[in-house]
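Analysis of the macromolecular model
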Amino acid sequence: MATSNEEILASVRKNSTLGKRMAKSKASYIMCAPYFILFFLFTVLPVLTSIVLSFTYFNMLEAPTFIGWDNYIKLFLDDDIFMVSLKNTLILAVITGPVSYMLCLLFAWIINEFKGKLRAFLTLIFYAPSICGQAYLIWNVILTGDRYGYLNGFLLRWGIIDNAILWMKTEKYVLPILIVVQLWLSLGTGFLSFIAGLQTVDKSLYEAAAMDGVKNRWQELWYVTLPAMKPQLMFGAVMQITSSFSIADVSIALAGNPSVNYSGATIVTHLMDYGQTRFEMGYASAIAVILFLLMVGSNKLIQKLLRRVGE
Amino acid sequence: MARKKDYMKPRKKLFRREKQLNRSAAGNSLLFALMIICGIFMALPLVMIVNNALKPLDEIYQYPPKIFVRNPSLENFSDLFILMSDSWVPFSRYILNTVIITGFGTAGHIIVASLAAYPMAKHEFPGKNIMFQMVILAMMFSWVVTQIPNYIIISWLGINNTYLALILPACAYSMGLYLMKQFMEQIPDSLLESARLDGASEFKVFSTIMMPNVKPAWLTLAIFQFQSMWGNQGTGFLRSEQLKPLQYALNQITLGGAARAGASAAVQFIIAAIPIAFFLACQSNVLETMATSGMKE
């Protein structure tokens, strides 16, 4: 006979098979169903379809034909533009990803020192660029290649340059400018999460830390604040990594697609070129699969690193 | 509920005057100086958008270029309205399309995502973990990855060139479900338990207890959803001119070149101002929701 609570629990577990537990959770499944049916149709199924299509030749008119690894072999061995765009994407991601992440954290941390209306105002100033849709088009006006452009105008007036520079048509300026514009755009959801996360850090932790010998704000940040907001740090990382790998709209709007000597080409612009212009869907799917692996892989890697914060 | 956060309380002082732990005057001035410089960099392009919208045409093409407008006028906006009234499809139609698409996309997303978030946050059932892991995985890649198969699937469902082609995928965004679930987790179980004891079904508990208590979260979902749908021109899926959203029509005006520089400055202002206004209205709710956004491995 079952006497203690644990024994009763064990017997209950034994008697409740998976099927029974599922039947008991009928209400839960019904509530989940609408979301997950749509999620399956528009997220899971597309990823699987992409993987399958990446092994085929498919032009939307004829049925796809299986061609094995050919798309991937062509991508890495024959497609010079893919290599350029892969290189650009990695440069953009390796710079804008971590830098924007640090900036989100730094500004959230400073904003946290302010109160009330001023804090709300500062939050708005830093967050606004990321939400106002195509506001980045203003950079076209700033970077106009003749002397009417703001940047050229000011540099000419201050005598730093003698002739107007065609910023977005000069190869060496394209990537650095894209990085600056992307950073301007990148204080988004992760930034908000940090601001809110800093608020939830228990104030008594700071007092306790001061007793234990934490002497300045930097030590406080590393030993108290960051470990306490680790969950937000994880969430922010996902947001920043995902957006730093998908840079494309800004590049197309400012540098054009194709850009001068492909200086602004990214994996996504390359994907759009094959998917929307040339209708080589199998090849475009292979590019999408590579991008998918890059994004998910670096997310997983960074999550591993972030678990060590404050240890 | 005693969940009023610090930032929701009205404060009179802008700066903390009292002596703070571990804060030096040198550190303060260094960080605040940095803040001001970066703040100007962040705000300058936005200031230009506002000023350009108010500049008469001769000031837009002025050399040397000036950031601030000297003779502000609403000329650009009246130009824009003239262009609008000339358009082949009446402009009110574009506005209606945007209202339908973002309205149903946002409402649908909130309903569908919170309905699924409730059992994910408060029930135990087989498969729950795998489902949640898939949603997190989906946040790790952007929509561009699934663009091509999405087009194929939407054609296969027969909803190409209808509003549904934009509305249905928007309902299943992963971030909304994630934020909603995280927020619901902190609603105390005791609140739900008392309703269950009165014999309420789970749907009843969800609609009468849970939903009223997670208002900040659904406002946040609404804002994020609006932001992501507002910029959508729908060019891939909507071919009929009568179905296209406002964003598409406004973009056509900005493509008009030098002659339309004034009107397109006004367009830029409208495109940027509307999401900012929405955010401004709901800022404290959004921050309250984001406080629970952390990933607990």
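Everything quoted here is computed from the prediction, not taken from an experiment.

Here is what the cut-offs are and how they apply
Within each chain, residues carry numbers counting from 1 in the order of the written sequence. Following the order in which they are written, the chains are lettered starting with A and the ligands numbered starting with 1. Totals for whole chains, interfaces and linings use every residue, but because this is a predicted model, local features are given only for residues with pLDDT of at least 70 and side-chain atom pairs only at 80 or more, for both listing and counting. Note that the side-chain values use all heavy atoms of the structure and ignore hydrogens as well as water. Stacked, edge-to-face and tilted labels apply to pairs of Phe, Tyr and Trp rings (six-membered ring for Trp) whose centres lie within 6.5 Å, assigned for plane angles under 30 degrees, over 60, and everything in between, in that order. Helix and strand assignments follow DSSP, with helices taken as H or I runs no shorter than four residues and strands as E runs no shorter than two, numbered in order from the N terminus. When accessible area is computed with a 1.4 Å probe and restricted to protein chains, residues below 20% of their type maximum are described as buried, those above 50% as exposed, and intermediate ones as partly exposed. Here the expected length of a helix is defined as 1.5 Å per residue gap, with one fewer gap than residues. Every axis in this analysis is a line fitted to C-alpha atoms, fitted for helices over the stretch in contact. Angles between the N-to-C directions lie between 0 and 180 degrees. In these notes the angle categories are as follows: under 35 degrees is roughly parallel, over 145 is roughly antiparallel, 65 to 115 is roughly perpendicular, and the rest is oblique. In a left-handed crossing the near helix is turned counterclockwise from the far helix by less than a right angle, and in a right-handed crossing that turn is clockwise. What makes two residues a contact is simply this: any of their non-hydrogen atoms within 4.5 Å. What gets called buried area is simply the loss in accessible area from a 1.4 Å probe that two parts show on being joined, summed for both. Salt-bridge detection follows one rule: a side-chain nitrogen of Lys or Arg within 4 Å of a carboxyl oxygen of Asp or Glu. Side-chain atoms alone can form a polar contact between residues adjacent in sequence; in general such a contact is a pair of N or O atoms within 3.5 Å, and within protein one must be able to donate a hydrogen while the other accepts it. In plain words, nonpolar cores are sets of buried Ala, Val, Leu, Ile, Met, Phe, Trp, Tyr and Cys residues tied together by side-chain atoms within 4.5 Å.

**Observations concerning the packing of aromatic side chains**
- In this structure the tally under the stated criterion is 28 aromatic pairs over all chains.
- Centroid distance A:W109 to A:W218: 5.3 Å. Interplanar angle 50°. Geometry classified as tilted. On the criterion of sequence distance, the pair formed by A:W109 in helix 5 (residues 80-111) and A:W218 in helix 12 (residues 217-228) is long-range, its members being 109 residues apart.
- The exposure class of A:W109 is buried, given its relative accessible area of 6%.
- With a relative accessible area of 46%, A:W218 lands in the partly exposed category.
- Pairing A:F292 with B:F141 gives two aromatic rings, centres 4.8 Å apart and planes at 65°, and the pair type is edge-to-face. Here A:F292, found in helix 16 (residues 281-306), pairs with B:F141, found in the loop between helix 5 (128-139) and helix 6 (147-156), and the two come from separate chains.
- The class for B:F141 is buried, based on a relative accessible area of 9%.

**Overview of helix 9 (residues 171-185) of chain A**
- Here helix 9 of chain A spans 22 Å end to end across 15 residues, near enough to the 21 Å set by a 1.5 Å rise per residue.
- Within helix 9 of chain A, burial applies to A:V174, A:L175, A:I177, A:L178, A:I179, A:V181, A:Q182, A:L183, A:W184 and A:L185.

**Details of unusual backbone geometry**
- Even without being a glycine, A:F279 presents a positive backbone phi close to 55°.
- Tracing the sequence through the fold places A:F279 in the loop between helix 15 (267-277) and helix 16.
- The residue B:N161 is not glycine, and still its phi comes out positive at about 60°.
- Positionally, B:N161 belongs in the loop between helix 6 and helix 7 (164-171).

**Here we look at the packing of helix 8 (residues 174-185) of chain B against helix 11 (residues 215-230) of chain B**
Residue and element names in this part refer to chain B.
- It is the contact of helix 8 with helix 11, at a shortest axis distance of 10 Å, that shows an interaxial angle of 165°. By the angle between their axes, helix 8 is roughly antiparallel relative to helix 11. Judged by the twist between their axes, the crossing of helix 8 over helix 11 is right-handed. Of the residues in helix 11, those in contact with M175, G176, L179, M180 and F183 of helix 8 are P216, A217, W218, L221 and F224.

**Brief notes about the interface of chain A and chain B**
- In this assembly, 109 residues from chain A lie in contact with 103 residues from chain B.
- Carbon and sulfur atoms supply 75% of the area buried between chain A and chain B, which totals about 9400 Å² over both sides.
- It is A:M31, A:Y35 and A:F42 that lose the most area in chain A upon contact with chain B, and together they represent 9% of the buried surface on that side.
- The tally of links between chain A and chain B comes to zero salt bridges.
- Our enumeration of links across chain A and chain B arrives at 15 residue pairs in polar contact (both at pLDDT 80 or more).
- Examining the composition of the side of chain A that touches chain B, we find that 21 residues originate from one element, helix 3 (residues 26-53) of chain A, more than from any other.

**Some details on the nonpolar core**
- Ranked by internal contacts, the top residues of the largest apolar core, which has 175 residues, are A:Y35, A:F36, A:F126, A:F191 and B:M184.
- A total of 13 residues in this core trace back to one element, the largest contributor, which is helix 16 of chain A.
- Among residues more than four places away in sequence, those in contact with A:Y35 are B:V112, B:A113, B:A116, B:V135, B:C171, B:A172, B:Y173, B:S174 and B:L177.
- Residues B:F77, B:L246, B:A249 and B:I253 belong to the second largest nonpolar core, which totals 18 residues.

**Let's talk about the pattern of salt bridges**
- Applying the stated criterion across every chain, the model contains seven salt bridges over all chains.
- A salt bridge links A:R278 to A:D273; the nearest nitrogen and oxygen atoms lie 2.9 Å apart.
- For A:R278, a relative accessible area of 40% puts it in the partly exposed group.
- With a relative accessible area of 18%, A:D273 lands in the buried category.
- Note that B:E241 is salt-bridged to B:K244, the shortest N-O span being 3.9 Å. Note on accessibility: B:E241 and B:K244 belong to one class, buried.

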